[in-house]
Amino acid sequence: MTFVPLSAPHLSGNEWKYIKDCLDTGWVSSVGAYVTRFENALADASAAPHAVATTCGTAALHVALLVAGVKPGDEVLVSSMTFIAPVNAISYANAIPVPVDAEANHWQMDVDKVRAFLTNDCELRDDRLFNKISGRRVAAIVPVHILGHPVEMTSLMKLADEFGLIVIEDATESLGSTYFDRPVGGIGHMGCYSFNGNKIITTGGGGMLVTANETWAKKARYLTTQAKDDPQEYIHHEIGYNYRLTNIQAALGCAQMELLAGYVERRRDIHAMYRSHLSDISGIQFQAEAEGVRSNFWLTTIYIDRAQFGMAARALRQVLKDAQIEARPLWQPAHLSPAHQDAFKLPCPVSEDLFANCLSLPSSSSSSDQDIARVIQVIRHAAGH
Ligand SMILES: Cc1ncc(COP(=O)(O)O)c(C=O)c1O
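Along each chain, residue indices are assigned from 1 in the same order as the chain's sequence is written. The model is predicted, so local features are restricted to residues of pLDDT at least 70 and side-chain atom pairs to those at 80 or more, both for listing and for counting; the totals for chains, interfaces and linings are taken over all residues. Computation of side-chain values: all heavy atoms of the structure, hydrogens and water removed.

K.L.:
Can you walk me through the overall build of the chain in this structure?
P.N.:
Strands here mean DSSP runs of E at least two residues long; helices mean DSSP runs of H or I at least four residues long; both are numbered from the N terminus. If you tally the helices and strands in the chain, you get 13 helices and 15 strands. Between the two quantities, the radius of gyration covers C-alpha atoms and the globule rule is 2.2 Å times the number of residues to the power 0.38. The C-alpha radius of gyration of the chain comes to 21 Å, within 12% of the 21 Å expected for a compact globule of 385 residues. Across its three principal axes, the chain shows a C-alpha extent of roughly 70 × 60 × 35 Å. We call two residues in contact when some of their heavy atoms are within 4.5 Å. Sequence-distant contacts, at least 24 apart, represent 71% of the contacts inside the chain between residues at least 6 apart. Summing over all exposed atoms, the chain offers an accessible surface of approximately 15900 Å²; the carbon and sulfur share of this is 52%. Distance between charge centroids for the chain: 3 Å, based on 32 positive and 41 negative side chains. Residue burial considers only the protein chains on display, and all accessible areas are found by Shrake-Rupley using a 1.4 Å probe. Charge convention: Lys and Arg are scored as positive, Asp and Glu as negative, and His as well as the terminal groups of each chain are ignored. Every charge is mapped onto a representative atom, which is NZ of Lys, CZ of Arg, CG of Asp or CD of Glu.

So, in structure tokens, the structure goes:
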């Protein structure tokens, strides 16, 4: 029985050729033609004119928060239902996360709950927004487009405008997804992508910050290269970071970007296969795709109603594991994270429900139809079909 992974790297194009070029020419480190080419490819793909490559998506988020002017002690709204990286990045900036609940249909940051918090719990003083309960300034919002599906950005951007907040999209899981024909990641004031091994494309490890704001892009480049004010004399006025992507990784990224459209199609096909063969089972629901949205379906995820299905999500995970199939629950919501006890706590019942009952299924673009058919068969069998 072959192992079916959740989301594996898929290296099927010019990866060897471009990496060999780096080795042959000696351009292996953090400057080189592939870095620039990869940045240009992401600027094109996100329709944001400026892109700055980073060592990883978490680094891109950290720098974006600093560039946005988030200061120690500020509060930053973030999706509660997310992998923990953006919440960690908020903490690296010595800011306080405010995890916001998910909505029940698409499982993204609930913009109505953002509005309720900003309207009821915050007040504007001299054009700055303050949380009336904690007394802290509220500086930014980090909507995380989880599993490839976008947050409702039109309403979120209107709210940000009304309350003077900077929006940093965590688009790490949603490269290639669109929202009313706009690329996800290029809609907010800044957007961040990740290219780690389980993402839709990979550079081994890597990230990118994109923005339409040239000043911010320059600042991001400055901070990611140790904040060199005088590169001859090595004078630094600010604390910088060594967050630059290498040319070798960027070479991998250039090859992967040539394949992105096909990989999105394949993940969407896999999603369609699951949907058409599992939707009739009572107790299984899919993440709905919102109107105007084209998700990359990075990870197809099902919600399991334990009573109707006859088994809890984590028990089904074990059944799949026994059949050499990798599946996993969603992430512990940020407001429950023991590592983030200082977060400003809002109720997040939907995120808790999703955490208890969701299971992400194998979605690799390299998986064959036979692999996916086997996953379907095991789930149908577990449901007694
Ligand atoms: C939602 C989210 N944000 C941020 C990251 C961080 O990206 P990286 O692993 O490249 O630091 C990831 C993935 O790892 C992620 O899933």
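From this point, things continue past the structure.
K.L.:
Quick question: what am I supposed to make of the packing of aromatic side chains here?
P.N.:
How two aromatic rings sit relative to each other is set out by the distance from centre to centre and by the angle between their planes. Any two of the Phe, Tyr and Trp rings considered here, Trp counted by its six-membered ring, make a pair once their centres fall within 6.5 Å; the pair's planes then place it as stacked at under 30 degrees, edge-to-face at over 60, or tilted in between. For the coordinates displayed, the defined rule picks out 5 aromatic pairs. Judged by centre distance (5.0 Å) and plane angle (20°), the ring pair of Tyr241 and Tyr243 falls under stacked. For each residue, the accessible area found with a 1.4 Å probe, counting protein chains only, is set against the maximum for its type, and the residue is called buried under 20%, exposed over 50%, and partly exposed in between. Take Tyr241: its relative accessible area is 22%, and that puts it in the partly exposed class. Judged by its relative accessible area of 15%, Tyr243 is buried. We call a charge positioned over a ring when the NZ of a Lys or the CZ of an Arg lies within 6 Å of the ring centre and within 35 degrees of the ring normal. Just above the ring of Phe130 sits the side chain of Arg125; from NZ or CZ to the centre is 4.2 Å.

K.L.:
Sorry, what's going on with the side chain of Thr300 here?
P.N.:
Looking at where Thr300 falls in the secondary structure, it is placed in the loop between strand S13 (293–294) and strand S14 (301–304). Definition of a polar contact: a pair of N or O atoms within 3.5 Å, with one able to donate and the other able to accept a hydrogen when the atoms are protein atoms, and with sequence-neighbouring residues admitted only if both atoms are side-chain atoms. Side chain to side chain, Thr300 and His271 meet in a polar contact 3.0 Å long. Not counting chain neighbours up to four residues away, the residues in contact with Thr300 comprise His271, Tyr274, Phe286, Leu359, Ser360, Leu361 and Ser363.

K.L.:
Help me understand the pairing of strand S3 (residues 96–100) in this model?
P.N.:
Moving residue by residue along a regular strand, the side chains alternate between the two faces of the sheet. Counting buried positions over the 5 residues of S3 gives 5, a clear majority of the element. Alternating positions in S3 separate into two faces, Ile96, Val98 and Val100 on one and Pro97 and Pro99 on the other, with burial throughout. Any two strands with at least two DSSP-identified bridges between them are counted as paired. When strand S2 (residues 75–79) meets S3, the two strands line up parallel, connected through 5 bridges. By the bridge assignment, Leu77 is partnered in S3 with Val98. Every crossover in which the path from the first strand over the helix to the second runs clockwise, viewed with the strands pointing away from the viewer, is termed right-handed. Of the crossover connections in this fold, the one passing from S2 over helix H4 (residues 85–92) to the parallel S3 is right-handed.

K.L.:
Would you mind going over the environment of Pro86 with me for this structure?
P.N.:
With respect to the secondary-structure elements, Pro86 resides in helix H4. For Pro86, a relative accessible area of 3% gives the class buried. Along the chain, Pro86 and Ala59 lie 27 residues apart, while their C-alpha atoms are 9.5 Å from each other. Ignoring sequence-local partners within four residues, the contact set of Pro86 consists of Leu61, Val78, Val142, Val144 and Asp170.

K.L.:
Just to check I follow, could you spell out the sheet that holds S14 for this structure?
P.N.:
Through backbone hydrogen bonds, the strands of a sheet pair up, either in parallel or in antiparallel fashion. Reading across the sheet, the 3 strands line up as S12-S14-S15 and stay open at both edges, with antiparallel pairing between neighbours. In the strand order of this sheet, the two ends are held by strand S12 (284–286) and strand S15 (358–360), each with one partner. Ignoring which end each strand starts from, the neighbouring axes of this sheet average 30° apart. Both S14 and S15 contribute to a ladder of 3 bridges, which runs antiparallel. The partner of Ile302 across the bridge, within S15, is Leu359. Angular values range over 0 to 180 degrees, each being the angle between N-to-C directions of two axes fitted as lines to C-alpha atoms, with helices fitted over their stretch in contact.

K.L.:
Quick question: what am I supposed to make of the packing of helix H11 (residues 313–322) against helix H13 (residues 369–382) here?
P.N.:
Between two packed helices, the angle of one axis relative to the other and the distance separating the axes together describe the packing. For the pair H11 and H13, the least separation of the axes is 10 Å and the interaxial angle reads 130°. In terms of orientation, H11 lies oblique with respect to H13. The crossing of H11 and H13 is right-handed. Between H11 and H13, the residues in contact are Leu316, Val319 and Leu320 and Val375, Val378, Ile379 and Ala382, respectively. Of the residues assigned to the contact of H11 with H13, the class counts are 7 nonpolar, no polar and no charged. Note that the term roughly parallel is reserved for angles under 35 degrees, roughly antiparallel for angles over 145, roughly perpendicular for angles of 65 to 115, and oblique for everything else. In this scheme the handedness of a crossing depends on how the near helix is turned from the far one: anticlockwise by less than a right angle means left-handed, clockwise means right-handed. Residues are grouped as follows: nonpolar covers Ala, Val, Leu, Ile, Met, Phe, Trp, Tyr, Cys and Pro; charged covers Asp, Glu, Lys and Arg; every other residue, Gly included, is treated as polar.

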